[in-house]
Amino acid sequence: MTQERPSSLHTMGQQHGRRSWAEPWKIKMVEPLKVTTREQRVTALEEAGYNTFLLRSDDVYIDLLTDSGTSAMSDRQWAGMMLGDEAYAGSRNFYHLDAAIKRFYGYAYMVPTHQGRGAEHLISQTLIKAGDHIGGNMYFTTTRLHQELAGATFHDVILDVAHDPQDLHPFKGNVDLAKVEALIERYGAAQIPYISLAATVNMAGGQPVSMANARELKALLDRHGIRLMLDATRLVENALFIQEREEGYADKSIAEICLEFCSLTDGAWMSAKKDNLVNIGGWLAVNDYSVFEELRNLVVVYEGLHTYGGLAGRDMEALAIGIEESMQDEHIRSRVGQVRYLGELLTEWDIPIVQPIGGHAIFLDARRFYPQLAQDLFPAQTLAAELYLDSGIRSMERGIASAGRNAETGDHNRPKLELTRLTIPRRVYTQAHMDVVAESVKACFDARDAARGLDMAYEPKYLRFFQARFTPR
Ligand code: P61
């Protein structure tokens with residue numbers, strides 16, 4: 001009689017009672033990773049002023065600082081790089097890019113920019129006048145800064161639940177329409193050039209906006225003659241959440257959902273370094289010709305001629321191909337699936353993270369990680385430092401350091417969310433890397449009582465988190 005050997009090892013699929021999935025790509029070229037000793041990391045972190053932005057990438061093992069410009073391009077994109085038409089004017093790659101944006105995002109007119117903030121600068125300077133007010137579903141650092149530099153005051157109009165890391169609302173990125181109505185009532189439509197809608201919402205934890213919310217918002221703004229402008233940086237990820245969670249979208253493709261979403265807006269700016277799978281690039285697209293004319297005037301001042309906007313022809317070719325690849329359902333399922341895999345492990349181990357798990361990153365809730373640390377001791381920055389010391393993993397502070405200071409009072413802005421972001425680059429790391437990350441987070445969690453916090457020793461004027469330096473308590 002044969003006896004079946006009980007197996008205690010289970011694949012990830014088996015653990016979830018389903019068949020396993022694997023990344024829908026294989027690896028053609030590898031980039032070796034450098035493993036450092038704890039001693040080396042202590043020195044590197046001290047030299048970097050306890051700021052992960054100031055580490056040398058050579059001292060980092062798994063780099064989860066950002067998903068911005070860190071994607072692996074496909075063989076088709078690399079082949080496209082060889083087709084770069086580097087003409088100063090009228091590059092054929094520009095026309096390819098223009099066609100890809102029309103096809104997948106649906107906007108009539110486009111200008112390329114060197115990256116997202118280049119586009120934010122142009123749209124802010126074009127639409128905003130001094131004394132204006134902008135509502136947005138939570139601030140993003142560069143977006144808000146460009147709106148402020150153009151003379152506007154930013155107002156957060158996201159649902160209150162977005163500031164609660166434990167609330168399970170399926171569309172935590174949604175705009176609270178009552179807040180928009182109150183804004184219009186208070187300042188008048190003439191002082192609100194547009195509402196700024198990000199999909200997904202980075203600072204809230206990669207949380208999506210529902211199609212229904214975008215549609216209602218558009219209807220409300222139309223009644224007042226106010227534009228709706230989209231930050232499309234991670235719209236493809238947003239589309240996956242709509243497909244999974246919103247009634248009526250299960251059978252629609254990601255491309256169809258993106259196109260429908262964009263049709264509810266008057267234009268979009270884009271950091272193509274995220275969804276669009278390139279290492280550099282951005283664009284700005286609108287439907288209104290008169291706005292486009294002004295953008296085209298400005299782009300030549302700040303970025304480059306309107307047919308390259310600060311990009312090489314080869315960059316535009318890789319971008320045009322990246323747009324098409326980013327819209328494939330199996331790509332985005334795998335991309336968000338990998339983020340979810342990491343998040344589910346941490347959830348299983350009772351490690352406090354922002355829920356529901358978002359599209360591009362796991363956000364560790366540093367307040368609950370280190371309840372002993374006051375916010376002025378930079379808990380999220382502390383956690384980023386501890387993670388690096390433990391394993392060489394690089395993460396990013398998204399809390400009080402990122403939020404900057406109040407322009408009037410000079411005091412720190414103190415956001416409710418005090419988060420450390422583990423951002424997953426697209427098509428770069430494997431499930432085994434995610435396991436290593438999860439175990440390192442667990443090691444820091446187990447040692448959480450020892451954390452003492454940081455003081456800020458050097459503070460730059462703009463976007464201080466990039467170059468600030470800290471000293472340990
Ligand atoms: C990131 F620490 N994001 O998430 P650019 N909109 C949105 C973004 O996420 C975004 C931009 C516009 C980055 C890079 C970064 O405080 C920081 O191409 C939703 O980076 O200019 C960028 O696009 C701007 C990291 C930006 C930061 C600002 O990692």
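For the structure, see preceding data.
The sections below set out a description of the structure shown in this document. Computed from a predicted model, the values in this text were never measured in an experiment.

The next thing to look at is the sheet that holds strand E2 (residues 133-136). What the seven strands build is an open sheet, ordered E1-E7-E6-E5-E4-E2-E3; its pairing is mixed. Strand pairing shows two members of the sheet lacking a second neighbour, strand E1 (109-113) and strand E3 (153-156), which therefore form its edges. Averaged over neighbouring strand pairs, the angle between their axes works out to 20° when direction is ignored. Note: E1 against strand E7 (residues 282-286), five bridges, orientation antiparallel. Note on E7: the bridge partner recorded for proline 112 is tryptophan 283.

Turning our eyes to something else, we now look at the layout of surface pockets. Within this model, the largest pocket holds a volume of roughly 1,500 Å³. Forming the boundary of the largest pocket are 38 residues, of which Met29, Glu31, Ala72, Arg427 and Val428 lie nearest the centre. At the level of elements, helix H3 (75-81) and helix H13 (329-348) are the ones that each hand at least two residues to the lining of the largest pocket. Looking at the lining of the second largest pocket, the elements that each hand over two or more residues are helix H6 (141-149), E3 and helix H16 (400-403). Per-element accounting of the lining of the second largest pocket gives the leading share, five residues, to H6. The class makeup of the residues in the lining of the second largest pocket is 15 nonpolar, nine polar and eleven charged.

With that settled, consider the pattern of salt bridges. Tallying each qualifying case throughout the model produces 30 salt bridges. Of the charged contacts in the structure, one is a salt bridge between aspartate 132 and lysine 129, with a shortest N-O distance of 2.9 Å. The exposure class assigned to lysine 129 is partly exposed, which follows from its relative accessible area of 46%. One salt bridge connects glutamate 260 with arginine 215, and the closest N-O pair in it is separated by 2.6 Å. Of the two residues, glutamate 260 sits in helix H10 (residues 254-263) while arginine 215 sits in helix H8 (residues 211-224), which places them 45 residues apart along the sequence. For arginine 215, a relative accessible area of 40% translates into the label partly exposed.

Around the ligand, the surrounding shell holds 22 residues, and the nearest of these are Thr66, Thr141, Ser271, Lys274 and Arg421. Asparagine 202 is positioned such that a nitrogen or oxygen atom in its side chain is 2.9 Å from an oxygen atom of the ligand. In isolation the ligand has 580 Å² of accessible area, and contact with the protein removes 97% of it. For the shell around the ligand, the secondary structure elements donating two or more residues are helix H5 (116-127), H6 and strand E9 (396-398). Per-element accounting of the shell around the ligand gives the leading share, three residues, to H5.

This model, assessed by the stated rule, comprises one cavity of 30 Å³ or more. Considering the residues around the largest cavity, the lining is formed by Glu23, Pro24, Trp25, His331, Ser334, Arg335, Gln338, Pro425, Arg426 and Arg427. Classifying every residue of the lining of the largest cavity gives three nonpolar, three polar and four charged.

This part covers the packing of helix H15 (residues 379-391) against helix H17 (residues 431-446). Taken N-terminus to C-terminus, the directions of H15 and H17 make an angle of 115°; their axes are 9 Å apart at the nearest point. Crossing angle aside, the handedness with which H15 passes H17 is right-handed. On the side of H15, the interface is formed by Leu383, Glu386, Leu387, Asp390 and Ser391, while H17 contributes Ser440, Val441, Ala443 and Cys444. Along the lines of polarity and charge, the residues of the contact of H15 with H17 split into five nonpolar, two polar and two charged.

Take the sheet that holds strand E10 (residues 419-423) next. Overall, antiparallel pairing links the three strands, which are arranged E8-E10-E9 in an open sheet. Each edge of the open sheet is held by one strand with a lone partner, namely strand E8 (361-365) and E9. Strand-to-strand twist in this sheet, taken as the mean axis angle between neighbours without regard to direction, amounts to 35°. Here E9 runs beside E10; their pairing, made up of three bridges, is antiparallel. When the sheet's bridge partners are listed, methionine 396 is paired in E10 with arginine 421.

A few words now on the side chain of serine 68. Considering the arrangement of structural elements, one finds serine 68 in the loop between helix H2 (38-47) and H3. Polar side-chain contacts of serine 68 include one of 2.9 Å to the side chain of lysine 274. Those residues in contact with serine 68 that sit more than four places away from it in its chain are Ser271, Lys273 and Lys274.

To continue, consider the packing of aromatic side chains. If you walk through the whole model with that rule in mind, you get 13 aromatic pairs. Aromatic pair phenylalanine 53 and phenylalanine 465: ring centres 5.9 Å apart, planes at 50°, arrangement tilted. Within this pair, whereas phenylalanine 53 is found in the loop between H2 and H3, its partner phenylalanine 465 is found in the loop between strand E11 (454-458) and strand E12 (469-472), the two being separated by 412 residues in sequence. For phenylalanine 53, a relative accessible area of 21% gives the class partly exposed. Owing to a relative accessible area of 3%, phenylalanine 465 belongs among the buried residues under this scheme. Among the aromatic residues, those joined into a cluster by ring pairs are Phe53, Phe465 and Phe466.

Of all five residues that make up E7, five are buried, and the element is covered over most of its length. On E7, burial covers both faces: Gly282, Leu284 and Val286 on one face and Trp283 and Ala285 on the other are all buried.

The next subject is the state of the cysteines. This model, assessed by the stated rule, comprises zero disulfides. Free of any disulfide, cysteine 258 has its nearest cysteine sulfur in cysteine 262, 6.5 Å distant. Overall, cysteine 258 belongs to the buried group, its relative accessible area being 0%.

Direction vectors running N to C along H5 and H6 enclose 30°, while the axes themselves pass 9 Å from each other. One finds that H5 runs roughly parallel with respect to H6. Here H5 runs over H6; the crossing is right-handed. Counting all contacts with H5, which are made through Arg117, Glu120, His121, Ser124 and Gln125, the residues of H6 involved are Thr142, Thr143, His146, Gln147 and Leu149. Of the residues assigned to the contact of H5 with H6, the class counts are one nonpolar, seven polar and two charged.

Rules and cut-offs
- Residues numbered from 1 in each chain as written.
- Predicted model: local features only at pLDDT ≥ 70, side-chain atom pairs only at ≥ 80, totals over all residues.
- Heavy atoms only, no water.
- Pairing = 2+ DSSP bridges.
- Helix = DSSP H or I, 4+ residues; strand = E, 2+ residues; numbered from the N terminus.
- Axes fitted to C-alpha atoms, helices over the stretch in contact; angles between N-to-C directions.
- 1 Å grid on protein atoms, 1.4 Å probe; cavity = no way out; pocket = protein on both sides within 12 Å on 5 of 7 lines; lining within 4 Å.
- Points joined across faces, edges and corners; volume = space filled by probe spheres on them.
- Nonpolar A, V, L, I, M, F, W, Y, C, P; charged D, E, K, R; others polar.
- Salt bridge = Lys/Arg side-chain N within 4 Å of Asp/Glu carboxyl O.
- Buried < 20%, exposed > 50% of the residue type's maximum accessible area, 1.4 Å probe, protein only.
- Near = heavy atom within 4 Å.
- Polar contact = N/O pair within 3.5 Å; in protein donor to acceptor, adjacent residues only side chain to side chain.
- Areas by Shrake-Rupley, 256 points an atom, 1.4 Å probe, with all protein chains shown as cover.
- Left-handed = near helix turned anticlockwise from the far one by under 90°.
- Contact = heavy atoms within 4.5 Å.
- Phe/Tyr/Trp six-rings, centres within 6.5 Å; stacked < 30°, edge-to-face > 60°.
- Disulfide = S-S within 2.5 Å.
- Parallel < 35°, antiparallel > 145°, perpendicular 65-115°, else oblique.

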